[in-house]
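# Fold and geometry: a report
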Amino acid sequence: MTPLNQSCRVAFAALLHDLGKFAERAAPDPGRERLDAHITNDAKRNDGEGGHSHGHAAYTALFMEKVEESAPDLVRGCGAPFASRQNGESGDIADALVNAAAMHRRPETLLQWIIATAARAASGSGREKSGHHNAAKDKTETGRNHCQARQSTLFEQVRLTEATGNGPAITPANLQYCYPLKPLAPENLFPVKRAGYEPRQDAPAQREYRALWDAFIGALRDIPSSHRQQWPLWLDHFDTLWQSFAHAIPAAAAFGAGPEVSLYDHGKATAALAVALWRWHIAQAGLNEAEAIRQYEERADWDIPKFLLVQGDFFGIQEFIFSEGAETNKNAAKLLRGRSFQVSLFTELAALKILEACELPSTSQIINAAGKFLIVAPNTAEIREKIAAARRELDRWFLENTFGLVGLGVVDQEASCNDFVEKRFGNLLETLFGVLEYAKLARFDLTGNDAPKVFQTEYPCGICQYSSRLPADKAEGENKASSRLSRDQIEIGKALAHQDRLLVVRDKADLRAGSAVILETPILGYRVGFTGTEEITGGFGELAQSGQLLRCWDFSLPGNLQDTLWHGYARRYINAHVPHFSAFDQQTSGKYREAEADDTDPRAPKTFNHLACEDRVQDGNGKWMGQIALATLKGDVDNLGRIFRRGLPQITFAGMAALSRQMNAFFAIWLPAYCKEKYPNTYTVFAGGDDFFLIGPWHSTQELAAKMAGEFKRFVAENKEIHFSAGFVLTKPGHPVRALAEQAESALEMAKNHQADSAANAKNAVCLYGEIVPWPKWEILAGLEREVHDLAGAYKLSTGYIYGLLSLIDLACDKNRTESAMWRSHFVYRTRRYVVDKLRQEARATAHARLADAFGERGIAQQQGRFRIPLFNFFYSKR
């Protein structure tokens, strides 16, 4: 009976403690007699009023067995720490797992109290407000009952400034958006208008729930049966399944609550806290169960720091991804996607190392996005020692394998139940941000006694040609010396184009090299392999049954924006979109010839040379026109720290986890899928957390960025205070990758630091060609660009005439020159002369008026320097 397997069962019970809310709203028929019996046993009694409330607890007890049918055996197998059910029905055994889950509204045993307390802490409620619950009607604060209410969005409620011009103060009753009650898919991440979607009657509301419930029960069978014998592996799969079907089910949908946190996020936070509480209690010598129960009932122990919040932060990401060597540019695409994936992989495996050291399930990891993670552990001396040992092991591995180029800082912070309640949780968040900043400044504990001062390093094959800061340990022909870390990056870059799943096993386990792409470097004591089809992945059942297969992650991109993400395995959203050749590309391969990129093998990913040609078009004579150039786009969400710390008046632990998960989902789930379907020639080098780095054709990537800004606005429920900024750099395809990153970063900083007309309009901009454009004004410039093309075609405008507009822009923008205002007279003279010299008399008046309006007034006068953008784009398209 390992603590890990027992912790998994506690987590499972806590994760599904509100399963009954899902079942009750779906209205499957349990039988009146059975339902009444469970309501009497599990639901909360209304003291002084008679009857019961919180009937969903009875449904949890009734329908937990539907899930247990596909779970590791809880009847004939070991069920510890819960009581065995081999000799009786679960309803007759107080400490059966199903009762621990269902009795959270009227707990009696210690395990029941632990889950009940964890649920209250996760939701930020200090105690049961019995009178409030009994008096409240079956309605949310939005006015719908528990069946009709759909989950509102936290993004709509974020406020960073007092006066925003966004209308009246936000209350649940005037929220306009909610999430569609559908399985997790890229498009289903977006809220929709409540009006016209949220049902007003129970019948249609229940039909929608029933369809989701039936799909959920059917999907349970997708988890491989060979994985059911290992609780940690199965629970990781189930966590993804539960997220896929419960991500948009409101956890609180009655008694005047606001339906803003999902059943999944509340359950996940409850599971993490419950496991930590239970492990803290069993670590106490001479535990008196009756006394522990009394303390929970009276909240006498809510100030005891029973939790240890463990944060990890990967540092040196950009230095690592964009490191250079003599052969870097020749393999730029494979190296970039390999390194980006490797960063995510390092972070995932570092979190797994800490989870394993503490013998905690995957559900104890609340956050993992953009190189950061948060794990909830019990605050015991043994756990603190194990975390310290894991921290030293992580430091040692990164120093030995990357020579300190990258690393992962690990810090921990004590917390009590009361720290998760109301305003105190805001203080806890501030503390967590602070200790994480400290970790960035204390890398590798280099001032400690055990820290290495000098690396004793051999260079048997010279310097790695892919990363000049690493020693090469292998040479393959002239100028092909490489390190094993770089070889793995190239191998990952290849695998991501064809494989869909990742296997994590013990270092000594046999991954069968013939059927899996195995990385050369063991990572933190784990071996990693990539597989493709279900048939190949399923061939590792023996490793699963023996406990050697620790994780099996699906990282495939959805087929389209409506495709659900559940495929039977745990998911990690760490893949990027990789452009491939289509039949159309093969038919139009002439566009690649000038870039010396003729190969259009559909099995191979496109190189940057290919991508640089994708915006070229043929003229009437069949000649390919347009600049051969790449656009590098870097961006991130503005004011993210303020959004998390101060954006919501009362954020809870579950709410914080939900906000993090949802923000990450836009970039890690929706963006790669959107690129795959709408902009297939764009590499998502990295996208997750709150930032993104894309490389694609010079013009269509501009269109993509504008689409992203618009879709992000829809994603955050049209909240004007949540937005992102971005920076562009346009280059030839052979430009050093590191320079691309640095220039894009500079452009991003310019976009964020532009002078806005008000605080509400600060940031929320893009920088291109050195010009700063607020996103709300981008479409004006895009419209002007279309007009430049139209007018140039209609009046056969010469290159000299259009190019001369740039000098007029310079003159108009230079306010220090006394002749600055004379740009208008120069413009009128040049335009009039061109019209008279080049056009027929009957067309001159109309042409002059159109050119004066588009180029003079709406172009130079109104847009000033920003008008360079449509002009530059016009010239790029004609070269």
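Scoring rules and cut-offs
- Residues numbered from 1 in each chain as written.
- Predicted model: local features only at pLDDT ≥ 70, side-chain atom pairs only at ≥ 80, totals over all residues.
- Heavy atoms only, no water.
- Helix = DSSP H or I, 4+ residues; strand = E, 2+ residues; numbered from the N terminus.
- Buried < 20%, exposed > 50% of the residue type's maximum accessible area, 1.4 Å probe, protein only.
- Contact = heavy atoms within 4.5 Å.
- Expected span 1.5 Å × (residues − 1).
- Salt bridge = Lys/Arg side-chain N within 4 Å of Asp/Glu carboxyl O.
- Phe/Tyr/Trp six-rings, centres within 6.5 Å; stacked < 30°, edge-to-face > 60°.
- Pairing = 2+ DSSP bridges.
- Axes fitted to C-alpha atoms, helices over the stretch in contact; angles between N-to-C directions.
- pLDDT = per-residue confidence, 0-100.
- Core = buried A, V, L, I, M, F, W, Y, C linked by side-chain atoms within 4.5 Å.
- Parallel < 35°, antiparallel > 145°, perpendicular 65-115°, else oblique.
- Left-handed = near helix turned anticlockwise from the far one by under 90°.
- Nonpolar A, V, L, I, M, F, W, Y, C, P; charged D, E, K, R; others polar.

Secondary structure summary: the chain contains 29 helices and 23 strands in total. Split into buried and exposed, the 879 residues of the chain put 59% on the buried side. In the chain, the share of contacts with a sequence separation of at least 24, taken over all contacts with a separation of at least 6, comes to 71%.

This next bit is on the side chain of Q863. Relative to the elements of secondary structure, Q863 occurs in helix α28 (residues 841-863). What Q863 contacts, discounting residues up to four positions off in sequence, is I780, L781, L784 and R858.

We now examine helix α14 (residues 381-402). Along an α-helix, residues three or four apart share an orientation, since each turn contains 3.6 residues. Here α14 contains 22 residues, and its C-alpha end-to-end distance of 31 Å stays within 8% of the 32 Å for a straight helix at 1.5 Å per residue. For α14, the complete set of buried residues consists of I383, I387, A388, A390, L394, D395, W397, F398, L399, N401 and T402. Of the surrounding secondary structure, the elements contacted by the buried residues of α14 are α10 (263-282), β5 (307-315), α13 (332-358), β7 (372-378), β8 (407-415) and α16 (484-495). Count one or two residues on from α14 and you reach F403, which has phi positive near 55°.

What follows deals with the pattern of salt bridges. For the coordinates displayed, the defined rule picks out 51 salt bridges. Among the ionic pairs, E857 bridges to R824, the shortest N-O distance being 3.6 Å. Note that E857 is positioned in helix α28 and R824 in helix α27 (residues 823-838), a separation of 33 residues in sequence. Residue E857 is classed as partly exposed on the basis of its relative accessible area, which comes to 34%. Residue class for R824 comes out partly exposed when judged on its relative accessible area of 42%. Residues joined by salt bridges that share partners form a network here, namely D236, E348, R551 and R572.

Turning our eyes to something else, we now look at the environment of L62. Within the secondary structure layout, L62 lies in helix α4 (residues 56-68). With a relative accessible area of 3%, L62 lands in the buried category. Taking the C-alpha atoms as reference points, L62 and V98, separated by 36 residues in sequence, lie 8.8 Å from one another.

Enumeration over the complete set of coordinates arrives at 57 aromatic pairs. Seen from their ring centres, F346 and W397 are 5.4 Å apart, and the 70° between their planes marks the pair as edge-to-face. Here F346 is found in helix α13, whereas its partner W397 is found in helix α14, with 51 residues between them in sequence. Pair check on accessibility: F346 and W397 agree, each one buried. Seen in terms of ring centroids, Y803 and F875 are 5.6 Å apart; in terms of plane orientation they differ by 55°. Their pairing is tilted. One end of the pair, Y803, is in helix α26 (residues 799-813); the other, F875, is in helix α29 (residues 868-878), and 72 residues separate them in sequence.

Two orientations exist for strands paired in a sheet by backbone hydrogen bonds: parallel and antiparallel. One open sheet accounts for five strands, arranged β12-β13-β11-β14-β15; its pairing is mixed. Each edge of the sheet is formed by a strand with only one pairing partner; in this case those strands are β12 (517-518) and β15 (570-571). As judged from the six bridges shared by strand β11 (residues 501-506) and strand β13 (residues 526-531), these two strands associate in the antiparallel manner. Bridge assignment links R501 to a residue of β13, and that residue is T531. Helix α9 (residues 231-246) contacts β14 (549-554) and β15 of the sheet and is inclined by roughly 20° relative to β14. Sitting on the sheet, α13 is in contact with β11, β13 and β14, with an inclination near 130° to β13.

Looking now at the confidence of the model for the chain. Taken residue by residue, the chain gives an average pLDDT of 88. The fraction at 70 or more is 88%. Throughout residues 45-53 the model reports pLDDT below 50, and contacts reaching past four residues in sequence, or to other chains, amount to 19 contacts. When the criterion is pLDDT under 50, residues 127-136 qualifies, and its contacts beyond four places in sequence or with other chains add up to 16 contacts.

With that settled, the discussion passes to the nonpolar core. Judged by nonpolar contacts, the single largest core of 254 residues is most densely connected at F12, F216, F238, W242 and F855. If we ignore the near neighbours within four places in the chain, the residues touching F855 are V788, L791, L797, Y801, L805, F827, I860 and F867. Ranked by size, the runner-up nonpolar core spans 12 residues in total, among them L233, V505, A516 and L549.

Relative orientation of the contacting elements helix α1 (residues 3-15) and α10 amounts to 140°, with a least axis distance of 8 Å. As summarised for this structure, α1 and α10 are arranged oblique, according to the angle between their axes. With respect to the hand of their crossing, α1 and α10 are arranged in right-handed fashion. Seen from α1, the contacting residues are P3, Q6, S7, V10, A11, A14 and L15; seen from α10, they are G267, K268, T270, A271, A274, V275, W278 and R279. Residues of the contact of α1 with α10, tallied by class, amount to nine nonpolar, four polar and two charged.

Within the secondary structure layout, A215 lies in helix α8 (residues 202-219). Residues A215 and F245 lie 30 residues apart in sequence; the distance between their C-alpha atoms is 8.3 Å.

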